[in-house]
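# Overview (structure and organization)
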Amino acid sequence: MAKLTKRIGALVLRLAAFGAALAALIVMVTSRERASFFAVSLEAKYTDMAAFKYFVIANAVVSVYSFLVLFLPKESLLWKFVVVLDLLMTMLLTSSISAALAVAQVGKKGNANAGWLPICGQVPKFCDQVTGALIAGFVALVLYVLLLLYSLHSVVDPFLLQKS
């Protein structure tokens, strides 16, 4: 019964991580807004920033991986490799969120030293969508940290039991 409960818990965590990464991906990909100022037109979209593109690619990779692992049989020897892949996905999410958050902060606050003006006053819908994508990405990251801890526990625990 305990093994079934652990398996269901891991499945729920994986489904939630998949959903959060997919939500972050969808929200970021659909973030776009056009604004006009007198004769000047500005269109803000995620493809304008390399960090946002990296965020989208990272969340796409994590989403596909999360989806595929859901169908991995519990008897498979690949579960030991899943621990390594969970670690890689956690690191990928961490780096992509960090990069996207840095760019989003410059977009929101600007950088007076570099002469960069904030753009969120002109394109608030775009900034709100980016914020939503970052929040969903952060939720996916937290879930992946929990999955990583669970994966480590499930692989290391039987190893320790065999030693005693």
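Residues numbered from 1 in each chain as written. Predicted model: local features only at pLDDT ≥ 70, side-chain atom pairs only at ≥ 80, totals over all residues. Heavy atoms only, no water.

## Topic: the state of the cysteines
- For the structure shown, the criterion picks out one disulfide.
- Residue pairing for C120: its cysteine sulfur links by disulfide to C127, the two sulfurs lying 2.0 Å apart. With the S-S dihedral at roughly -90°, the linkage between C120 and C127 falls on the left-handed side.
- What makes C127 buried here is its relative accessible area of 10%. (Disulfide = S-S within 2.5 Å. Buried < 20%, exposed > 50% of the residue type's maximum accessible area, 1.4 Å probe, protein only.)

## Details of the layout of surface pockets
- Considering only enclosed or pocket space, the second largest pocket measures out at about 440 Å³ in volume.
- Forming the walls of the second largest pocket are 25 residues, and the residues nearest its centre are V103, A104, G107, K108 and C120.
- Contributions of two or more residues to the lining of the second largest pocket are made by β2 (40–45), α3 (79–109) and α4 (124–163).
- The residue makeup of the lining of the second largest pocket, split by class, is 17 nonpolar, three polar and five charged. (1 Å grid on protein atoms, 1.4 Å probe; cavity = no way out; pocket = protein on both sides within 12 Å on 5 of 7 lines; lining within 4 Å. Points joined across faces, edges and corners; volume = space filled by probe spheres on them. Helix = DSSP H or I, 4+ residues; strand = E, 2+ residues; numbered from the N terminus. Nonpolar A, V, L, I, M, F, W, Y, C, P; charged D, E, K, R; others polar.)

## Focus on the UniProt feature "domain: Casparian strip membrane protein" (unreviewed entry) in the chain
- As annotated by UniProt and renumbered to match this structure, "domain: Casparian strip membrane protein" (unreviewed entry) occupies residues 7–143.
- Helix makes up 69% of residues 7–143 and strand 9%, and the two end C-alpha atoms of the span are 16 Å apart. (UniProt positions renumbered as here; feature names shortened; annotations may be inferred.)

## Observations regarding the packing of aromatic side chains
- Applying the stated criterion across every chain yields a total of four aromatic pairs.
- Between the aromatic rings of F18 and F67, the centroid separation amounts to 5.7 Å while the plane-to-plane angle is 40°, which identifies the pairing as tilted. You can see F18 sitting in helix α1 (residues 2–29) and its partner F67 sitting in helix α2 (residues 50–69), a full 49 residues away along the chain.
- By relative accessible area, which is 18% here, F18 ends up buried.
- The interplanar angle of 75° and the centroid separation of 5.1 Å between the aromatic rings of F67 and F71 together place this pair among those described as edge-to-face.
- Look at F67 and you get partly exposed, because its relative accessible area is 39%.
- The exposed category is assigned to F71, whose relative accessible area is 60%. (Phe/Tyr/Trp six-rings, centres within 6.5 Å; stacked < 30°, edge-to-face > 60°.)

## Overview of the UniProt feature "transmembrane region" (unreviewed entry) in the chain
- Listed under "transmembrane region" (unreviewed entry) in the UniProt record, and renumbered for this structure, are residues 12–31, 51–72, 84–107 and 133–152.
- Taken as a whole, residues 12–31 contains 90% helix and 0% strand, while its terminal C-alpha atoms sit 28 Å from one another.
- Summarising residues 84–107: 100% helix, 0% strand, and an end-to-end C-alpha distance of 35 Å.

## Description of the pairing of strand β1 (residues 32–37)
- Two strands pair when backbone bridges link them, and β1 and β2 are joined in this way by six bridges, in the antiparallel orientation. Following the sheet pairing, R34 is matched in β2 by E43.
- The loop that links β1 with its antiparallel partner β2 comprises two residues; one of these, F38, has a positive phi angle of about 55°. (Pairing = 2+ DSSP bridges.)

## So, α2
- If you check α2, its first and last C-alpha atoms are 28 Å apart, about what 20 residues at 1.5 Å a residue would give, namely 28 Å.
- Those residues of α2 lying buried are A51, F52, F55, V56, A58, N59, V62, S63, Y65, S66 and V69. (Expected span 1.5 Å × (residues − 1).)

## Some details on the confidence of the model for the chain
- In the predicted model, the chain carries a mean pLDDT of 88, and 93% of its residues have values of at least 70.
- Within the chain, the element-level pLDDT minimum falls on β1, averaging 83, and the maximum on α2, averaging 96. (pLDDT = per-residue confidence, 0-100.)

## Structural notes on α3
- Taking 1.5 Å per residue as the helical rise, α3 with its 31 residues ought to reach 45 Å, and the 44 Å between its terminal C-alpha atoms agrees with that figure.
- Phi turns positive, to about 75°, at G110, one or two residues after α3.

## Describing the pattern of salt bridges
- This model, assessed by the stated rule, comprises four salt bridges.
- For R14, the salt bridge goes to D86, with nearest N and O atoms at 2.7 Å. Residue R14 is found in helix α1, and its partner D86 is found in helix α3; the two are separated by 72 residues along the sequence.
- Residue classification places R14 among the buried positions, given a relative accessible area of 6%.
- Linking E43 and R32 is a salt bridge whose minimum nitrogen-to-oxygen distance equals 3.2 Å. (Salt bridge = Lys/Arg side-chain N within 4 Å of Asp/Glu carboxyl O.)

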